[in-house]
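The lines below spell out each chain.
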Amino acid sequence: MHELQNLIKRIHPADSAAIQRATLRQAQLTKPAGALGDLEALSVRLAGVFGTEFPAPQGGAVLVAAGDHGVAQEGVSAYPPEVTPAMVMNFLADTPAGPGGAAVNALARTVGARVYVMDAGVNAALPDHPRLHQCAVRRGTRNLRVEAAMTPDEAQALILAGAALARQAIEDGADLIVPGEMGIGNTTPAAVVTARLLGLDPAEVTGRGTGVDDARLAHKVAVVREALHRSPATGPLQVLAEFGGYEIAAMLGMMLETAAQRRVIVLDGFVEGSAALLGVTLAPALREFLFPAGHCAERGHAAQLAHLGLKPMFDLGLRLGEGSGGVLALPLLRAAAATLREMRTFEEAGVPV
Ligand SMILES: O=C(O)c1ccc[n+]([C@@H]2O[C@H](COP(=O)([O-])O)[C@@H](O)[C@H]2O)c1
Ligand SMILES: Cc1cc2nc[nH]c2cc1C
């Protein structure tokens, strides 16, 4: 617990003086006031993260944690759990285009982002692979409908594993970190965590995930409701252990370490959002390091962002996970930062106002 408490203690608010200077600078740049829309507020938030009104984010990295879920046996997904380990091998496969044949690999190649892959606890033992980070402590969580998904020790081990992977990505040169995930059934734990932390009814935060039909959706809502009735847990670490998943714990650790190192957390979809809610409950200042990528089609995502008070950058109807939406946001973040760094002020350019 000591290591985790120390990690949380390293998270401090963004640099308010840099935010102030960036706000002033944005107002002096050669454009009609407000004409860069949301890029302006994004650039100012980036200034706060990096502590300078000339933020220069360089490397993007997507850290995909994969885990399986005991609750999948309740029939809450449109796909079988065997997909999870198979997709991990897909993230690692050699293809003519380069490493990885999944959506996140293809998208990451287009923006020059490196993909890191973690086995956070999938159902099958995976072969050693130079690009696979083997961090599993158990092959899949327990069924959260009837018992705690994880022990507190397991949850903590995965949080610290996620933090270690973020540390490695940052050491490798990344300052825009995209936590991502893969795990058949994981929109169920994400819904339970979100319902408990936001005090919302299961029906408000439970969506179709991989695409369940109406009957399965009604059953999924009932499973979420049963889990919430089973345990009164409200503290973030208890909520994580009772209702979460190994990849959610790992993403929480990635977020804590990234915020502690004052880098950007690019927030992808609903499952990532559940980790972010745990993160801001543990360390409220983490919010200032969160940059939601796209509006996600999964029900409950909007409630997460409303609670965080953050606006996503685009709406492409994505509902994939893997950190795929987060990867697409990287060029927008770099563009926002470039306005502060590279645009001239009215005075510098001699443009009369
Ligand atoms: O994060 C999201 O917004 C998201 C929304 C829908 C589906 N997913 C992905 O789909 C899987 C979970 O869906 P399900 O139906 O199995 O709970 C898991 O592998 C996630 O990466 C992810
Ligand atoms: C094929 C497949 C790929 C995924 N990537 C993230 N979640 C997924 C779910 C499925 C079913």
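All figures in this text were calculated on a predicted structure; none of them were measured in a lab.

Reading the values: rules and limits
Residues numbered from 1 in each chain as written. Chains lettered and ligands numbered in written order. Predicted model: local features only at pLDDT ≥ 70, side-chain atom pairs only at ≥ 80, totals over all residues. Axes fitted to C-alpha atoms, helices over the stretch in contact; angles between N-to-C directions. Helix = DSSP H or I, 4+ residues; strand = E, 2+ residues; numbered from the N terminus. Parallel < 35°, antiparallel > 145°, perpendicular 65-115°, else oblique. Contact = placed C-beta atoms within 7 Å. Nonpolar A, V, L, I, M, F, W, Y, C, P; charged D, E, K, R; others polar. Domains from an automatic or database assignment. Expected span 1.5 Å × (residues − 1). Buried ≥ 20, exposed ≤ 12 C-beta atoms within 10 Å, placed from the backbone. Arc of directions from axis to C-beta.

K.L.:
Help me out: how do you make sense of the packing of helix α3 (residues 38-50) against helix α14 (residues 324-342) in this one?
P.N.:
Two numbers describe how α3 lies on α14: the axes approach to 8 Å, and their chain directions differ by 80 degrees. As judged from the angle between their axes, α3 and α14 are roughly perpendicular. Across from Leu-39, Leu-42, Ser-43, Leu-46 and Ala-47 in α3, the residues of α14 making contact are Leu-333, Ala-335, Ala-336, Ala-337, Thr-339 and Leu-340. Residue composition of the contact of α3 with α14, grouped by class: nine nonpolar, two polar and no charged.

K.L.:
What should I look at first to understand the domain arrangement of the protein in this one?
P.N.:
Many authors give the size of an interface as the accessible area that is lost as the parts come together. For the protein, the assigned domains are domain 1 (2-55 + 339-349) and domain 2 (59-333). Each of domain 1 and domain 2 was reduced to a C-alpha centroid, and the two centroids are 28 Å apart. Contacts between the two partners involve 16 residues from domain 1, matched on the other side by 20 residues from domain 2. Of all the secondary structure elements, the ones that give two or more residues to the side of domain 1 that touches domain 2 are α1 (2-9) and α3. Considering each element in turn, the side of domain 1 that touches domain 2 owes the most residues, six residues, to α3.

K.L.:
Help me understand helix α2 (residues 16-28), please; the structure alone is not making it clear to me.
P.N.:
Compared with an ideal rise of 1.5 Å per residue, which puts 13 residues at 18 Å, α2 spans 19 Å between its outermost C-alpha atoms and is within 8% of the ideal. Buried residues of α2: Ala-18, Ile-19, Ala-22 and Gln-26, and no others. Mapping the buried residues of α2 onto a view down its axis gives an arc of 100 degrees, with all of them on the same face. Across from the buried face of α2, at angles greater than 90 degrees, the exposed residues are Ser-16, Ala-17, Leu-24 and Ala-27. The inward-facing, buried residues of α2 abut α3 and α14.

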